[in-house]
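Structural features, examined
What follows is the residue order along each chain.
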Amino acid sequence: MPSKNKSKLKRSILCWLALSPLVIVILLPFAVMLLTAIKPADEVLSYPPRWLPSRIAWENFFVMWEETQFGTALKNSIVISTLSTVLAVGISIPAAYAMARFRFAGQAGYRRFLLVTQMLSPILLVLGLFRLAAAIPYGDGNLVDTHIGVIATYTALNTAFAVWMLQSYFATIPHDMEEAAWLEGCSKPRAVLKVFLPLAMPAMVVTGIFTFINAWNEFAVIYTLIRSAENKTVTVQIVDLVAGRYTVNWHHVMAAALLATLPVAVLFSWLQKYLVKGLSLGAVK
Amino acid sequence: MSKRPLAPWLLILPSFALALFIVSYPFFNIVWQSVHEVSRFGQVRDFSGVANFATIFADPVFMTTLWRTLVWTVCVVGGTVLVAVPASLILVQDFYGRGLARTITMLPWSISLTMTAIIWRWAFNDEFGLINLGLQQLGIINQPLHWLADPALAFPLEIMIGILVSVPFTVTIFLGGLSSVPTDIYEAARMEGANAWQQFRKLTLPLLRPFINIAIVLNVIYVFNSFPIIWVMTQGGPDNGTHILVTYLYELAFRLGRPGEAAAVSLVMLLMLLAFTGLYMRMQRGEHAE
């Protein structure tokens, strides 16, 4: 059917044309980041500026890594994001299971509570969170400038999102498989463990990855709670390279930004179709 | 469905307990600080009643910031919906490269607002920024503009970036909504001679309505509370000209050493959010009753 193909081709051109302003504005910052990260230092701050570097300055990455203690920051980001993800998904699985499989008094109230925790965003609470961390004794001092305070906060604040996502997937897993296991003499908790959780695995992985990305990208809480350079995450470390400096090494900033964002962006792009399903179902229901 | 009432309570308990603790201690602490005199090092002194609230409402910076926050929220959320509706209508069409187009649309979501703001701040650099270079090459401007040095330029720019980073989440919700629309009703409409605009007005928009509503509510909450874009690009300056409430709150608390007033700002913001969601829920109930 050549005419049908031709009409699809025509439609494709029209669609891309209509989307092009949006696509350009979205891709522009990525282009700026990439072009600056690989520009030799003297070309970044030369006037008039040029779009393309004369050569690819790989040394930007190595020098940046040394000068900004990028390795430490990266390790901190990975530790904080991983632990808070495991904890958040861990406590959200039972809650989401209850929301998807039971009808109980207080269910609507719990749903409203989750919405309220989303409304009380970290930045509104940041002053109180700081006082909370300062009030809890730990080691020689308190939880200010420790990873524990940040991890607990991330875990709590990601719960609403994780429960929403998991619940909407759990609701799509047919109930009869568990019932069949009960009939075969399997106890209810065992049926959940042996039958339900394996089926729910993909949902848990996807939810976990998005929770990880949320934690990785968070700024306000960690910016407030963490003081010393050796405890900072990549995001805060990069902001420190820019904020309040008289001269900013933009090629280092962009090299660091590229390393901090590229893996997450790739992971996210690969998984974004699951978000469409999970969020829209969980949010509207 | 199980009849045992205890099991679901035990299942939600861990998440409920942790979230309640992490949210309620700071909340009550902020209430406490807001009605006390607090030193710049955070020592709570005498009870001061509504003095902190009186101070912020007499503060001209707070009042203009309050107003600017409303402009920020309305413009970013409104702009986001205006971009996201047509974008998602295109992204459900069957065309070559649709998967790629969807991935590109989602990209801003994957990087943190902080990184986005840093990149844009560099792109809009007066002397060395590629935006000024590009606009000069295209002949739109004659000399480099000082984008971030003037609130009249910087704030609209921040609104534009706010829209850009909110589009992916909103498109995601709309795509979920559009995928639940049965396709045969469009064929029926075409048979009856409805043109594309009529189909959009009479079929798509009503079906998309609940999804637009939820997107507006969630975006209002997120955008109203959005901190990194403005903090990283202009820190509320120059001359307090780009502050919104969250950035002003942060400055009061951690830069200017006025935690009592910052706590009062937090509570005012919270009341505004509660008023908004309350109003929204009333409106929803009204719609259901119709």
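Conventions used here
- Residues numbered from 1 in each chain as written.
- Chains lettered and ligands numbered in written order.
- Predicted model: local features only at pLDDT ≥ 70, side-chain atom pairs only at ≥ 80, totals over all residues.
- Helix = DSSP H or I, 4+ residues; strand = E, 2+ residues; numbered from the N terminus.
- Buried ≥ 20, exposed ≤ 12 C-beta atoms within 10 Å, placed from the backbone.
- pLDDT = per-residue confidence, 0-100.
- Domains from an automatic or database assignment.
- Contact = placed C-beta atoms within 7 Å.
- Nonpolar A, V, L, I, M, F, W, Y, C, P; charged D, E, K, R; others polar.
- Pairing = 2+ DSSP bridges.
- Core = buried A, V, L, I, M, F, W, Y, C linked by C-beta atoms within 7 Å.
- Axes fitted to C-alpha atoms, helices over the stretch in contact; angles between N-to-C directions.
- Parallel < 35°, antiparallel > 145°, perpendicular 65-115°, else oblique.
- Left-handed = near helix turned anticlockwise from the far one by under 90°.

Now for the overall build of chain B. A count of helical and extended segments in chain B gives 12 helices and 2 strands. For chain B, the succession of helices and strands along the chain, N to C, is α-β-β-α-α-α-α-α-α-α-α-α-α-α. Along the three orthogonal principal directions, the C-alpha set of chain B runs to about 75 × 75 × 35 Å. Scored against the burial criterion, the 290 residues of chain B give a buried share of 43%.

Looking only at helices and strands, chain A features 12 helices and 2 strands. Its helices and strands in sequence order give chain A the pattern α-α-α-α-α-α-β-β-α-α-α-α-α-α, from N to C terminus. Projected onto the principal axes, the alpha-carbon positions of chain A cover approximately 75 × 75 × 30 Å. Evaluated residue by residue, chain A yields a buried proportion of 45% over its 285 residues.

So, on to the confidence of the model for chain A. Looking at chain A as a whole, its pLDDT mean stands at 86, while 95% of the residues score no less than 70. Averaged over each element, pLDDT in chain A is lowest for helix α12 (residues 250-284) of chain A (77) and highest for helix α4 (residues 70-101) of chain A (93).

What follows deals with the domain arrangement of chain A. Residues and elements named next belong to chain A. Examined at the domain level, chain A breaks down into domain 1 (2-37) and domain 2 (70-284). Each partner contributes to the interface: domain 1 provides 4 residues, whereas domain 2 provides 6 residues. Tallied by class, the residues present in the side of domain 1 that touches domain 2 amount to 3 nonpolar, 1 polar and no charged.

The next thing to look at is the pairing of strand β2 (residues 44-47) of chain B. It is a general feature of regular strands that their side chains alternate between the two faces of the sheet. All names here are of chain B. In this sheet, β2 lies alongside strand β1 (residues 36-38) in antiparallel orientation, the contact comprising 2 bridges. Bridge pairing in β2 places His36 opposite Phe47. Connecting β1 to the antiparallel partner β2 that follows it, the hairpin turn spans 5 residues, and Gly42 within it adopts a positive phi of roughly 90 degrees.

Of all hydrophobic cores here, the largest spans 158 residues; its most connected members are Leu166 and Ala257 of chain A together with Phe174 of chain B. The element best represented in this core is helix α7 (residues 147-170) of chain A, accounting for 15 residues. The residue makeup of this core includes at least three contributed by each of domain 1 (2-37) and domain 2 (70-284) of chain A. With near-sequence residues (within four places) excluded, Leu166 of chain A lies in contact with Ser92, Ile93, Ala96, Ala203, Met204 and Thr207 of chain A.

What follows covers unusual backbone geometry. Note the cis peptide between Gly237 of chain B and Pro238 of chain B, where omega equals -10 degrees. Position of Pro238 of chain B relative to the elements: it lies in the loop between α10 (228-233) and α11 (245-254). Of note, the phi angle at Gln69 of chain A is positive, near 50 degrees, even though the residue is not glycine. Locating Gln69 of chain A in the fold gives a position in the loop between α3 (59-67) and α4. In this structure, Asp239 of chain B takes a positive phi of about 60 degrees despite not being glycine. Of note, Asp239 of chain B is situated in the loop between α10 and α11. When the 10 C-beta atoms within 10 Å are taken as the criterion, Asp239 of chain B is described as exposed.

Residue-level contacts link 77 residues of chain B with 80 residues of chain A. Of all the elements, helix α1 (residues 6-34) of chain B adds the most residues to the side of chain B that touches chain A, at 17 residues. Class assignment for the residues of the side of chain B that touches chain A results in 58 nonpolar, 17 polar and 2 charged.

Quick look at α11 of chain B now. A large share of α11 of chain B lies buried, amounting to 8 of its 10 residues. Within the sequence span of α11 of chain B, burial applies to Leu245, Val246, Thr247, Tyr248, Leu249, Tyr250, Leu252 and Ala253 of chain B.

With that out of the way, let us pick up the confidence of the model for chain B. Of the residues in chain B, 97% reach a pLDDT of 70 or more, and the chain-wide mean stands at 88. Quick note on the complex model: pTM equals 0.88, ipTM equals 0.86.

Quick look at the environment of Leu267 of chain B now. Residue and element names in this part refer to chain B. You can see Leu267 is positioned in helix α12 (residues 259-289). Spatially, the C-alpha atom of Leu267 lies 9.5 Å from that of Phe53, the residues being 214 residues apart in sequence. Not counting residues up to four positions away in its chain, the partners in contact with Leu267 are Ile30, Val31 and Ser34.

In this section: the environment of Ala134 of chain A. Residues and elements named next belong to chain A. Examined against the element boundaries, Ala134 turns out to sit in helix α6 (residues 122-135). Take Ala134: there are 16 C-beta atoms within 10 Å of it, and that puts it in the partly exposed class. Sequence spacing of Ala134 and Val163 is 29 residues, and the spatial spacing of their C-alpha atoms is 29 Å. Aside from chain neighbours lying at most four places away, what touches Ala134 is Asn142 and Val144.

Turning to the environment of Gly139 of chain B, a few remarks are in order. Structurally, Gly139 of chain B is set in the loop between α6 (130-137) and α7 (151-179). Sequence separation between Gly139 of chain B and Ile90 of chain B is 49 residues; the distance between their C-alpha atoms is 31 Å.

This part is about the packing of α7 of chain B against helix α9 (residues 196-224) of chain B. Residues and elements named next belong to chain B. Their axes nearest at 9 Å, the elements α7 and α9 cross at an angle of 150 degrees. In terms of orientation, α7 lies roughly antiparallel with respect to α9. For the pair α7 and α9, the crossing hand works out as right-handed. Taken together, the residues of α9 that come into contact with α7 (itself represented by Gly162, Ser166, Thr170, Ile173, Phe174, Gly176, Gly177 and Leu178) are Leu208, Phe211, Ile214, Ala215, Asn219 and Val223.

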